[in-house]
Amino acid sequence: LRSDGVDGTTPAPYDCMQMESPMPAPAPTRGPRLDTDQAPHVVIPWLVRLRWVSVLALAAAAWAAHDYWHVRLPTLSLIALAALAATNAALAFQLRAPAPRRAVVGAVLLVDVGLLTGILYLVGGPINPFSIVYLVGITVAAVALGHRWAMALGIVSNVAYGFTFFHHRPLE
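All of the points below concern the structure found in this document. The shown structure was predicted, so the numbers you read here are calculated from the model rather than taken from an experiment.

Criteria and cut-off values
- Residues numbered from 1 in each chain as written.
- Predicted model: local features only at pLDDT ≥ 70, side-chain atom pairs only at ≥ 80, totals over all residues.
- Heavy atoms only, no water.
- Salt bridge = Lys/Arg side-chain N within 4 Å of Asp/Glu carboxyl O.
- Helix = DSSP H or I, 4+ residues; strand = E, 2+ residues; numbered from the N terminus.
- Axes fitted to C-alpha atoms, helices over the stretch in contact; angles between N-to-C directions.
- Parallel < 35°, antiparallel > 145°, perpendicular 65-115°, else oblique.
- Contact = heavy atoms within 4.5 Å.
- Nonpolar A, V, L, I, M, F, W, Y, C, P; charged D, E, K, R; others polar.
- Core = buried A, V, L, I, M, F, W, Y, C linked by side-chain atoms within 4.5 Å.
- Buried < 20%, exposed > 50% of the residue type's maximum accessible area, 1.4 Å probe, protein only.
- Arc of directions from axis to C-beta.

1. Looking at the pattern of salt bridges
According to the stated counting rule, one finds one salt bridge in the structure shown. As a salt-bridge pair, Asp112 and Arg51 come within 2.4 Å of each other at their nearest N and O atoms. One end of the pair, Asp112, is in helix 3 (residues 102-122); the other, Arg51, is in helix 1 (residues 39-67), and 61 residues separate them in sequence.

Following this line, the structure appears as structure tokens:
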């Protein structure tokens, strides 16, 4: 009598290599996989649109603060808004490049942190509701540029936001 299950009386030992997996095979991904070098080319158009929306929202907020609530806005805040529009125009020119560089997108996001910090410094500091915009840049960096850029931008944004707690001009 054999104990290897060949004669049919004793079951064969468990062989995991011959058994089919009870789990179905993963479904193939649909569409081409996005290469990390292509990410800036995909993200830049969205970033340009998002930044134009930010420019319009900040301009509308400045107009409403001045006309409806009679808040005196410093001229420097309007210059920062113009700088945001100018850097956005420069970023839009990157769209024409055959292969936009990740460093350009990262640098623009760092400039955004600086400009946002300058605007928050001038118009109320951390109590300003636009301080949430720091998270947008961190999210864009995480999606388009990878974890290193996201971590760097997160650290810079936290330091910049912390700066506004101790150094800001109160609204007048």
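2. Things to note about the packing of helix 4 (residues 134-144) against helix 5 (residues 147-166)
Two elements in contact, helix 4 and helix 5, have axes separated by 8 Å at closest approach and are oriented at 170°. By the angle between their axes, helix 4 is roughly antiparallel relative to helix 5. For the pair helix 4 and helix 5, contact is made by Tyr134, Gly137, Ile138, Ala141 and Ala142 and by Trp149, Ala150, Leu153, Gly154, Ser157, Ala160, Tyr161 and Thr164, respectively. Among the residues making up the contact of helix 4 with helix 5, the classes are represented as nine nonpolar, four polar and no charged.

3. Notes on the nonpolar core
By size, the foremost hydrophobic cluster in this structure holds 20 residues, and its most contacted members are Leu47, Leu91, Val105, Leu109, Tyr134, Ala141 and Leu145. Among the elements that take part in this core, helix 3 stands out by supplying seven residues, more than any other. Contact partners of Leu145, with chain neighbours within four places excluded, come to Arg102, Val105, Gly106, Leu109 and Val140. Judged by nonpolar contacts, the second largest core, of nine residues, contains Leu81, Leu115, Ile119 and Val123.

4. Points about helix 4
An α-helix turns once per 3.6 residues; consequently, residues spaced three or four apart project the same way. Those residues of helix 4 that sit buried are Tyr134, Gly137, Val140, Ala141 and Ala144. In an axial view of helix 4, the angular spread of the buried residues amounts to 135°, which keeps them on one side of the axis. Looking one or two residues beyond helix 4, the residue adopting positive phi is Gly146, at roughly 100°.

5. So, the packing of helix 3 against helix 4
Put simply, helix 3 and helix 4 touch, their axes get as near as 10 Å, and they point 170° apart. Taken together, helix 3 and helix 4 sit at an angle that is classed as roughly antiparallel. Listed contacts from helix 4 to Arg102, Leu109, Val113, Leu116, Thr117 and Leu120 of helix 3 are Tyr134, Gly137, Val140, Ala141 and Ala144. When grouped by side-chain class, the residues that make up the contact of helix 3 with helix 4 number eight nonpolar, two polar and one charged.

Structural measurements only, silent on function.
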